[in-house]
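Reading the structure
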Amino acid sequence: MKRFIFDTGKAVDAVKRFRCADVVELLTAYLDDALDQPARQRMDEHLTCCAECGRHLDQFRAVVGVLGTLPEERLRDDVHDRLISAFRARRRR
Amino acid sequence: MAFAGGVLPPDDVVVEALRAGDEAIFEALLGAWSRGMLRLARAYVSTDDSAQEVVQDAWLAVIEGIDGFEGRSSIKTWVHRILINTAKKRGAREGRAIPWSSAFDRREGPAAGSGGFPDGDGSLPGPWKDFSALWPTPEDEALASEVRGQIAVALAGLPARQRTVITLRDVEGCTSEEVCEILEISAANQRVLLHRARAWVRGRIEAYFETVGRPA
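Attention in this report is confined to the structure presented alongside it.

Parameters and conventions
Residues numbered from 1 in each chain as written. Chains lettered and ligands numbered in written order. Predicted model: local features only at pLDDT ≥ 70, side-chain atom pairs only at ≥ 80, totals over all residues. Helix = DSSP H or I, 4+ residues; strand = E, 2+ residues; numbered from the N terminus. Buried ≥ 20, exposed ≤ 12 C-beta atoms within 10 Å, placed from the backbone. Contact = placed C-beta atoms within 7 Å. Expected span 1.5 Å × (residues − 1). Axes fitted to C-alpha atoms, helices over the stretch in contact; angles between N-to-C directions. Parallel < 35°, antiparallel > 145°, perpendicular 65-115°, else oblique. Left-handed = near helix turned anticlockwise from the far one by under 90°. Nonpolar A, V, L, I, M, F, W, Y, C, P; charged D, E, K, R; others polar.

Observations regarding the overall build of chain B
Of the regular secondary structure elements, chain B holds 10 helices and 0 strands. Helices and strands appear in chain B in the N-to-C order α-α-α-α-α-α-α-α-α-α. Per-residue burial for chain B yields a buried fraction of 41% across its 216 residues. Within chain B, counting contacts between residues at least 6 apart in sequence, those at least 24 apart form 71% of the total.

Put into structure tokens, the structure is as follows:
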């Protein structure tokens, strides 16, 4: 029986040992340091001895890393110029 | 107004400068936030041109509304809320809108994504195994570029709510507190949306590597 209760932003666990499914479900909370101490410790214990979940964590981190490097969108020049004009017009009012 | 290194001054200074018609500070805000706003708009509207118009209309609303800004949130939060509301309205007009409430549970199923749980299954494709090690090295730039493309496609497949959260957090680098404030959601809700979005993207990348990793 496992259950996670989210209370005041912290995930509280009600199990003694984490299964892989539990670990995968809590990776974002783990990376955000949003787990309480017992849950965090169980995550660490599981991740130390489970290569698959360790890899899953690495993949999560890798995805987050790549998301931060996506090519940037750019405001079109005509839109930019229109906004500057609108800002100037406001001052004149 | 002069400010160094692209670091914006405190909110009260920014707001006063905007009200006084300080063009440099307006330029700085445009430069700092418009790119992220374009990405966010894209979660709600169907074309890049629409996204440009949404961002334009949002900034016009900022220009119109700055005198009435009461400082109950940060200026960044205020601007981004205007952006999201503008994008939602535009998306609704385009008929693309996914209702905010029903978007929540759509599509994903278990947050682990399409890969399933790793319990007892050690058959991850080779490139995925080395993904974090491969990223980002110059000699793998072709792969890196391909992965970025696949991730962009994966983002486009997300429900608007999840796409908004993952864009704010992981693409734009907002804190969880900022995201909660902009979207007016709880920390736990924000985390669930972020986790589902990340799991979806991870699953899509895994599926991609499964496809390219095997001989046809």
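Let's pick the thread back up.
Some thoughts on helix 5 (residues 77–92) of chain A
An α-helix turns once every 3.6 residues. As a result, residues three or four positions apart point the same way. In this model helix 5 of chain A runs 23 Å from its N-terminal to its C-terminal C-alpha over 16 residues, within 8% of the 22 Å that 1.5 Å per residue would give. At its buried positions, helix 5 of chain A is contacted by helix 2 (23–41) and helix 3 (48–65) of chain B.

Details of the packing of helix 3 of chain B against helix 4 (residues 75–94) of chain B
All names here are of chain B. Look at helix 3 against helix 4: their axes get within 9 Å of each other, and the N-to-C directions meet at 135°. The angle between helix 3 and helix 4 falls in the class oblique. Between helix 3 and helix 4 lies a crossing of right-handed hand. When helix 3 is examined against helix 4, the residues S50, V54, V55, D57, A58, A61 and V62 are found in contact with a partner set consisting of V79, I82, L83, T86, A87, R90 and E94.

Structural notes on unusual backbone geometry
Both trends apply: most residues other than glycine have a negative phi, and most peptide bonds are in trans. One non-glycine residue with positive phi stands out, namely D33 of chain A, at about 55°. Its location among the elements puts D33 of chain A in the loop between helix 2 (27–31) and helix 3 (37–49). If you check the backbone angles, E184 of chain B has positive phi at about 55° while not being a glycine. Turning to its location among the elements, E184 of chain B is positioned in the loop between helix 9 (176–183) and helix 10 (187–213).

A closer look at the interface of chain A and chain B
On the side of chain B, 45 residues touch chain A, which itself brings 43 residues to the contact. Elements with a contribution of two residues or more to the side of chain A that touches chain B: helix 1 (20–25), helix 2, helix 4 (51–67) and helix 5 of chain A. Ranked by residues supplied to the side of chain A that touches chain B, first place goes to helix 4 of chain A with 14 residues. When its residues are assigned to classes, the side of chain A that touches chain B shows 20 nonpolar, 8 polar and 15 charged.

Comments concerning the packing of helix 2 of chain B against helix 3 of chain B
Residues and elements named next belong to chain B. Where helix 2 meets helix 3, the axes come as close as 8 Å, and the angle between the chain directions of the two elements is 125°. Looking at the two axes, helix 2 sits oblique to helix 3. Between helix 2 and helix 3 lies a crossing of right-handed hand. Mapping the contact onto sequence places S34, M37, L38 and A41 in helix 2 and A51, Q52, V54, V55 and A58 in helix 3.

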